[in-house]
Amino acid sequence: MHLVLIAAAVLPALFLLNQIYRSDRLEKEPVTMLLGLVLCGVIATELASLAEQGGVWLLNRLFLGAFSSGLQGGGWRGFGITWQPSLNLYYLLFFFVVVAVSEEGIKYLLLRLRTWRSREFNCSFDGVVYAVTLSLGFALWENIQYVLRFGFLTAMARAVTAVPGHACFGVFMGAWYGSAKRWQQKGRVGRSRFSRWMAVLVPVLLHGLYDTIAADPTANTGWLFLPFVLLLFTSTLYLVRRSARNDSYL
């Protein structure tokens, strides 16, 4: 049974990774590089979990009264989170800062450490391939943990939402990351630095919005989830096609 659950967790990530790999028209990336980035994604999952636990501890100290009156055990992501309208500021900080900054920031840090100086990083679309591969490694490991804990239905739900969501965040990160490399090669250090900041800030914003909308069981934002996901997926597909079409050697 566990093998079935793990397969259900892994296959969506492999499918999406294959689609991005096939979009790389100029020069395919070596398998060793991709496997290394998947491993970086797995490491990022564990590092982000530690960072999030520290962030929750800090938020609970800052919002001690709200914590004692509004938070219960067994909630979202195992941190004891249950949504209450009176704790909106707490949850905005939780989703945008604790979760999104931790996960996307650590992904970007490992992405840059592994690829920025690599000789293989010689096309702008490589940034997309690298960021999505690492993000799907993150989603794959996170998904395995979720489905082993919550079962097959969770695997199905995450296969069409959370796993593609991480891939989308990776596409936006990678597009800006590839742009940063191009500007760096042209000696435009300021523009390269701006693109590197955007490679983190845009995924953080998207990730924070995604989690905030998805986690609110009230009517406040729940009706926005499907339109938001459709818009996110559509814009991501457009960005992949445009980036692949305009790809060139650095």
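Since the structure is predicted, the reported quantities are computational estimates derived from the model, not experimental observations.

**Q** Sorry if this is basic, but what is going on with the nonpolar core here?
**A** Counting 29 residues, the largest nonpolar core has Leu136, Val171, Tyr210 and Leu232 as the members making the most contacts within it. Residue contacts for Val171: discarding those within four places in its chain leaves Ile20, Val128, Val132, Thr236, Leu239 and Val240. With 22 residues, the next largest nonpolar core counts Ala48, Leu111, Ala199 and Val200 among its residues.

**Q** Would you explain the packing of aromatic side chains in this entry?
**A** Counted according to the given criterion, the structure contains 11 aromatic pairs. Ring geometry for Trp116 and Tyr177: centres 5.5 Å apart, planes at 50 degrees, overall tilted. Of this pair, Trp116 sits in the loop between α4 (88-115) and α5 (126-150) while Tyr177 sits in helix α7 (residues 162-185), and the two are 61 residues apart along the sequence. The exposure class assigned to Trp116 is buried, which follows from its relative accessible area of 7%. For the ring pair Trp176 and Phe194, a centre distance of 6.0 Å and an interplane angle of 80 degrees mean the geometry is edge-to-face. Here the residue Trp176 occupies a position in helix α7, and Phe194 occupies one in helix α8 (residues 189-215), the gap between them amounting to 18 residues. Judged by its relative accessible area of 27%, Trp176 is partly exposed.

**Q** Please explain the side chain of Glu103 as it appears in this structure.
**A** Mapped onto the secondary structure, Glu103 falls in helix α4. Here the side chain of Glu103 touches His207 through a polar contact of 3.4 Å, side chain to side chain.

**Q** Would you take a moment to explain α7 for this structure?
**A** In an α-helix, one full turn covers 3.6 residues, which means residues spaced three or four apart are oriented alike. Taking 1.5 Å of rise per residue, the 24 residues of α7 would be expected to cover 34 Å, and the 34 Å separating its terminal C-alpha atoms lies within 8% of that figure. Counting buried residues in α7 gives 17 out of 24 residues, a clear majority hidden from the surface. Residue Gly187 follows α7 closely and has a positive phi angle near 80 degrees.

**Q** What is the right way to read the layout of surface pockets from this model?
**A** Where empty space is left can be seen by rolling a probe of water-molecule size over the atoms. Considering only enclosed or pocket space, the second largest pocket measures out at about 370 Å³ in volume. Together, 15 residues line the second largest pocket, and Leu16, Phe233, Thr236, Leu237 and Val240 are the ones closest to its centre. Broken down by secondary-structure element, the contributors of at least two residues to the lining of the second largest pocket are α1 (2-23), α7 and α9 (225-245). With six residues, α1 is the single largest residue contributor to the lining of the second largest pocket. The residue inventory of the lining of the second largest pocket, partitioned by class, reads 10 nonpolar, three polar and two charged.

**Q** Please clarify how the environment of Ser102 should be interpreted in this entry.
**A** Mapping Ser102 onto the fold places it in helix α4. With relative accessibility at 11%, the residue Ser102 sits in the buried group. As a C-alpha pair, Ser102 and Ser49 span 53 residues in sequence and 8.2 Å in three-dimensional space.

The rules behind each value
Residues numbered from 1 in each chain as written. Predicted model: local features only at pLDDT ≥ 70, side-chain atom pairs only at ≥ 80, totals over all residues. Heavy atoms only, no water. Core = buried A, V, L, I, M, F, W, Y, C linked by side-chain atoms within 4.5 Å. Buried < 20%, exposed > 50% of the residue type's maximum accessible area, 1.4 Å probe, protein only. Contact = heavy atoms within 4.5 Å. Phe/Tyr/Trp six-rings, centres within 6.5 Å; stacked < 30°, edge-to-face > 60°. Helix = DSSP H or I, 4+ residues; strand = E, 2+ residues; numbered from the N terminus. Polar contact = N/O pair within 3.5 Å; in protein donor to acceptor, adjacent residues only side chain to side chain. Expected span 1.5 Å × (residues − 1). 1 Å grid on protein atoms, 1.4 Å probe; cavity = no way out; pocket = protein on both sides within 12 Å on 5 of 7 lines; lining within 4 Å. Points joined across faces, edges and corners; volume = space filled by probe spheres on them. Nonpolar A, V, L, I, M, F, W, Y, C, P; charged D, E, K, R; others polar.

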